[in-house]
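Read off the chains here:
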Amino acid sequence: MDPIPIAFPEPSSQTAYMAQGQQDPAGYSTDHGYSKVAQMEYDDPYGSKRPISTVMGSEKESMLNAPSAYPKVKKMTGKRRVETPVLPRTSINLLQAIEMVIDTVFHANLRHRGSPRAPALPERAALYAKEHQQVVILVVSIIGTAIGLLSTSFMASAIYYSLNRFLTGPKPVPLWNVNAALTLSNESFILSWNRWAWSLASVFLYVCITLQTASWTTLLTPKDVPVKAGLSGFELDLTSEEFQRLMQANQQVVTPELFANSLTLTAQAGSMAASTQFSLPSILNFNQLSYINSTGGTLPATWTPWISTTTSSAGESIPPSIRITDLNSNVNSRRRGLFPVSFNLTQQGFTSRVECRSVPLTGTTRPSAFISSFRRTDLGADFDPGAALDVAAGIITVGCTGDGYTTLKYDGTSNGTAGGIVRSNAVLTNAAGDAVFAAACGVDEGNGGVHWDLIIAGAGKYSFMNSTICSIRPMTSFVDVHYQDTSALFNSSFPSLINGTRSWREAPAPWLGSFAVDLFIRGVVDQGQSTRGSAVGDVVRSFAVPVDAAQLDATLVPKVLEAYIRGVLEFSLTLLRSAYSSSNSKLIPNSGGQLPENLRVPLNGTYETATVGWYQDVDPGAAAATLVAPTIISVTSILIVLVTMFCTSRASWKAAMARIPKSEADDRANGWFDPGNLLHIISASRAGGLSEIPFPEYDDDLEGWSSGINLRFARVGEGSGFVQGR
């Protein structure tokens, strides 16, 4: 029998009530939404629980009798929400694989510290990073955190995918396992003594997830990267036959007077070498460069032209002699600003084996030596009688007689005649005759070798030097030269601190002896002597004569002289190289501003600077440690998907799934069900499939209870939700 219509009051503007059988207003339902959830659990006013299916009829009757007690529920309009379904397995694998590839490739492309191929920032970016390190660290930390969160979300998506596949499959999943998987996806701990493997896994994954940010930050943070590159070039070859020929041809031009502009530095070069002998810091400043200990007979090698004032106060251009090879394209070699620059070169140098010994010499010894002097007390009296100077002048006369003494030609060869009388130039002294005199004799060693005996004698306050014979054997060599940056101390765009270290492969160079010895006598003895004293004598006195002159150590005089003479001779060849290497040198005919091929010796070395970029630690263990945490998370995500795919693609699984009747709506629900979405979990739980399960109180043993509950996601009434599996 049809139900009897019942009249209701007029509905308000906000709510409309309809009698049974009447058509619902648009958007509303009189069944309170229960028609879609036939098995939902219902609590009656007395607190008793019973399936709603047993009271559905009475509930509808109550709604008809007392509609005001039941507010209306807005119906679905038919529009489906646009949201992302559970991330497909291919997407998870692809994204995690891409992340692993980027991580590995980036790490693999990092070179060891100092490699020329180390990834580097462009010059301007490197300078900015150097000046704003806190900003760089902040930005990299944000990027590392973002990548870590993305990777963690991929792992969570892999877990949700796996839960979706197993819950919608033919076999139920223990509720405890579902809860544990969701706990892992939420980066939380599983604390269970009974399930210690799950607990350890959760702690392990939590640590890896936490370390991801640190790993990515460590990997991506740019650091000061040492940059190395090759150096190659050429310089004047002192040993070439063409150069020896030029020295012979230019002997009337290449004299100490050619270097009059720089002769005052010869005494400083000797003093510097003597200081080095006694382990004292010493620097020679010359041509805008600073030499530590000695020039070593080398000429500075540069990749840019530079000005030398060796032979002219106006300066002469020295063309570049080296070029940088294999330099990182992001590094500007010209001016490095905040980054230090240095390089090492193996260059051809010059030195001398100097052996000094104290020998009392008189006018009758072999060799002989005596000093002649004369005085003039009225120098300048014609101009100002009250300011007349009491001065003197003197010379030393040396008889180059004895075994092996001979006359050496300019190229260092003997002319076959015995040595003769050698007189020094007259030097100006004070009235007391305080001066140091020197003259040189050639010596034929009889085995094809020659050397020079430099006879030095002191007078006046330098008489403690007595007479000393210093045997000089000129040698070419190869020198390891280190060019160091001084931009922190001086505004220099070029490494201007030069330190010649190891000298090796020495070879006799007699053709350089006459020039070097003449420059010593002219620069140190002649020009270094004045009415105030002698430059070389003052240096020897400062090292060899203590406060109490009675305690003079006579062995120190030869020792100081050896170092002093060696330093001056090495500096003399630096001057000689400058004259031959200048772009407008007239010493090399038809040179065109460049050294001819037959006058070149190759240069090789290493350029070193720094920039900001990335490099791999030399220790492989430390380098690989940065990849551990991100790799574990990525591999875990991929393994979860692969294992799930393997288990759900077996024939037995597919056969069991084929026996489960499913509609198009079921397939859509299975595909869209996301175990990581709390709303989906609530919706699946209230669908009614769990109505027969006795739920415990919140303070009960939930772990034990959940271990005995098995769930599947399947059809429930007219919808889909959780059901208890068997």
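Refer to the structure presented above.
The numbers attached to residues start from 1 for each chain and follow its sequence in the written order. Only residues with pLDDT of at least 70 get local features here, since the model is predicted, and only at 80 or more are side-chain atom pairs given and counted; chain-wide, interface and lining totals rely on the full set of residues. Hydrogens and water are ignored here; the side-chain numbers use all heavy atoms of the structure.

## Regarding the overall build of the protein chain
For step 1, the next point in the chain: For the protein chain, the helix and strand inventory stands at 16 helices and 27 strands.
For step 2, the next point in the chain: Only protein chains enter the accessibility calculation, which uses a 1.4 Å probe; a residue is then buried when its area is under 20% of its type maximum, exposed when over 50%, and partly exposed in between. Scored against the burial criterion, the 726 residues of the protein chain give a buried share of 45%.
For step 3, the next point in the chain: Working note: accessible area of the protein chain is about 36900 Å², and carbon and sulfur atoms make up 56% of it. The helix and strand labels rest on DSSP assignments: H or I over at least four residues marks a helix, E over at least two residues marks a strand, and numbering proceeds from the N terminus. Areas reported as accessible are Shrake-Rupley estimates using a 1.4 Å probe. Residue values count occlusion only from the protein chains shown.

## So, the state of the cysteines
For step 1, the next point in the chain: Here, a disulfide means two cysteine sulfur atoms that sit within 2.5 Å of each other. Taken as a whole and assessed by the stated rule, the structure comprises two disulfides.
For step 2, the next point in the chain: Here Cys356 connects covalently by a disulfide to Cys470, the sulfurs 2.0 Å from one another. Judged by the sign of its S-S torsion, about 115°, the cystine formed by Cys356 and Cys470 is right-handed. Of this pair, Cys356 sits in strand E12 (residues 342–358) while Cys470 is found in strand E21 (residues 467–484), placing the two residues 114 residues apart along the sequence. The two residues Cys356 and Cys470 agree in class, both being buried.
For step 3, the next point in the chain: Between Cys400 and Cys441 runs a disulfide, and the two sulfur atoms are separated by 1.8 Å. Because the sign of the S-S torsion sets the handedness, a value of about -75° for the bond joining Cys400 and Cys441 places this disulfide among the left-handed ones. Of this pair, Cys400 sits in the loop between strand E14 (389–399) and strand E15 (405–408) while Cys441 is found in strand E19 (residues 435–444), placing the two residues 41 residues apart along the sequence.
For step 4, the next point in the chain: In this structure Cys400 comes out as buried when scored by relative accessible area, which is 4%.
For step 5, the next point in the chain: Each disulfide in the protein chain links cysteines that, numbered along the sequence, combine into the pattern 1-4, 2-3.

## A word on a negative patch on the surface
For step 1, the next point in the chain: Candidate patch residues must exceed 30% relative accessible area and have no salt bridge, after which like charges are joined if within 9 Å and Val, Leu, Ile, Met, Phe, Trp or Tyr side chains if within 5 Å. Throughout this description, the term salt bridge denotes a Lys or Arg side-chain nitrogen within 4 Å of a carboxyl oxygen of Asp or Glu. Positive residues here are Lys and Arg, negative ones are Asp and Glu, while His and the chain termini are left out of the count. The atom standing in for a charge is NZ when the residue is Lys, CZ when it is Arg, CG when it is Asp and CD when it is Glu. Where like charges cluster on the molecular surface, the negative patch consists of Glu697, Asp699, Asp700 and Asp701.
For step 2, the next point in the chain: In this structure, Asp699 sits in the loop between helix H15 (678–685) and helix H16 (702–707).
For step 3, the next point in the chain: Relative accessible area serves as the criterion here: at 70%, Asp699 is assigned to the exposed category.

## Notes on the side chain of Ser691
For step 1, the next point in the chain: Structurally, Ser691 is set in the loop between H15 and H16.
For step 2, the next point in the chain: A residue is classified by how much of its surface remains accessible, and Ser691, at 17% relative accessible area, is buried.
For step 3, the next point in the chain: A polar side-chain atom of Ser691 sits 3.3 Å from the main-chain carbonyl oxygen of Gly688. Polar contacts, as used here, are pairs of N or O atoms within 3.5 Å; protein pairs need one atom able to donate a hydrogen and one able to accept it. Residues neighboring in sequence count only if both atoms are side-chain atoms.

## Regarding the nonpolar core
For step 1, the next point in the chain: Throughout this description, the term nonpolar core refers to a set of buried Ala, Val, Leu, Ile, Met, Phe, Trp, Tyr and Cys residues connected via side-chain atoms within 4.5 Å. Core analysis: the largest hydrophobic core is formed by 82 residues, its most contacted members being Phe243, Leu454, Leu512, Phe520, Ile565, Leu576 and Tyr580.
For step 2, the next point in the chain: Of all the elements, helix H11 (residues 556–581) adds the most residues to this core, at 14 residues.
For step 3, the next point in the chain: Formed by 29 residues, the second largest nonpolar core is a distinct cluster that contains Val173, Leu175, Ile209 and Leu711.

## With respect to the packing of helix H9 (residues 513–526) against H11
For step 1, the next point in the chain: Helix axes use the C-alpha atoms of the stretch in contact, all axes being lines fitted to C-alpha atoms, and the angles between their N-to-C directions lie in the range 0 to 180 degrees. Direction vectors running N to C along H9 and H11 enclose 110°, while the axes themselves pass 9 Å from each other. With respect to H11, the element H9 is oriented roughly perpendicular. Contact residues: H9 offers Phe515, Ala516, Val517, Leu519, Phe520 and Val524, while H11 offers Tyr564, Ile565, Val568, Leu569, Ser572, Leu573, Leu575 and Leu576.
For step 2, the next point in the chain: Each residue is assigned to one class: nonpolar for Ala, Val, Leu, Ile, Met, Phe, Trp, Tyr, Cys and Pro, charged for Asp, Glu, Lys and Arg, and polar for all the others, Gly among them. In terms of residue class, the contact of H9 with H11 is built from 13 nonpolar, one polar and no charged. Note on angle classes: values under 35 degrees are labelled roughly parallel, values over 145 roughly antiparallel, values of 65 to 115 roughly perpendicular, and the remainder oblique. In what follows, a contact means two residues having at least one pair of non-hydrogen atoms within 4.5 Å.

## Structural notes on the pattern of salt bridges
For step 1, the next point in the chain: The final tally for this structure, using the stated rule, is eight salt bridges.
For step 2, the next point in the chain: Two residues, Asp666 and Arg715, come together in a salt bridge whose shortest N-O distance is 2.5 Å. Of this pair, Asp666 sits in helix H14 (residues 664–672) while Arg715 sits in strand E26 (residues 710–716), placing them 49 residues apart in sequence.
For step 3, the next point in the chain: Overall, the relative accessible area of 8% leaves Asp666 in the buried class.

## Description of helix H10 (residues 535–544)
For step 1, the next point in the chain: Among the residues of H10, Val536, Gly537, Val539, Val540 and Ala544 are the ones counted as buried. Seen along its axis, H10 keeps its buried residues to an arc of 165°; they face one direction.
For step 2, the next point in the chain: The opening residue of H10 is Ser534, an N-cap whose side-chain oxygen sits 3.2 Å from the backbone nitrogen of Gly537. In this context, the arc is that of the directions from the helix axis out to the C-beta atoms.

## Looking at H9
For step 1, the next point in the chain: Expected helix span is computed as 1.5 Å times (number of residues minus one). Here H9 spans 18 Å end to end across 14 residues, near enough to the 20 Å set by a 1.5 Å rise per residue.
For step 2, the next point in the chain: Buried residues dominate H9, accounting for 12 of its 14 residues.
For step 3, the next point in the chain: Taken together, the buried positions of H9 are Gly513, Ser514, Phe515, Ala516, Val517, Leu519, Phe520, Ile521, Gly523, Val524, Val525 and Asp526.

## Quick look at the packing of aromatic side chains
For any two aromatic rings, the description comes down to two numbers: the centre-to-centre distance and the angle of the planes.
For step 1, the next point in the chain: Side-chain rings of Phe, Tyr and Trp, where Trp is taken by its six-membered ring, are said to pair if the distance between their centres is within 6.5 Å; with planes under 30 degrees apart they count as stacked, over 60 as edge-to-face, and otherwise as tilted. Per the counting criterion, the structure on display carries 16 aromatic pairs.
For step 2, the next point in the chain: Taken together, a centroid distance of 5.7 Å and an interplanar angle of 65° make the contact between Phe259 and Phe515 edge-to-face. In this pair, Phe259 sits in the loop between helix H7 (241–249) and helix H8 (264–277) while Phe515 sits in helix H9, placing the two residues 256 residues apart along the sequence. For the pair Phe259 and Phe515, a shared accessibility class is recorded, and that class is buried.

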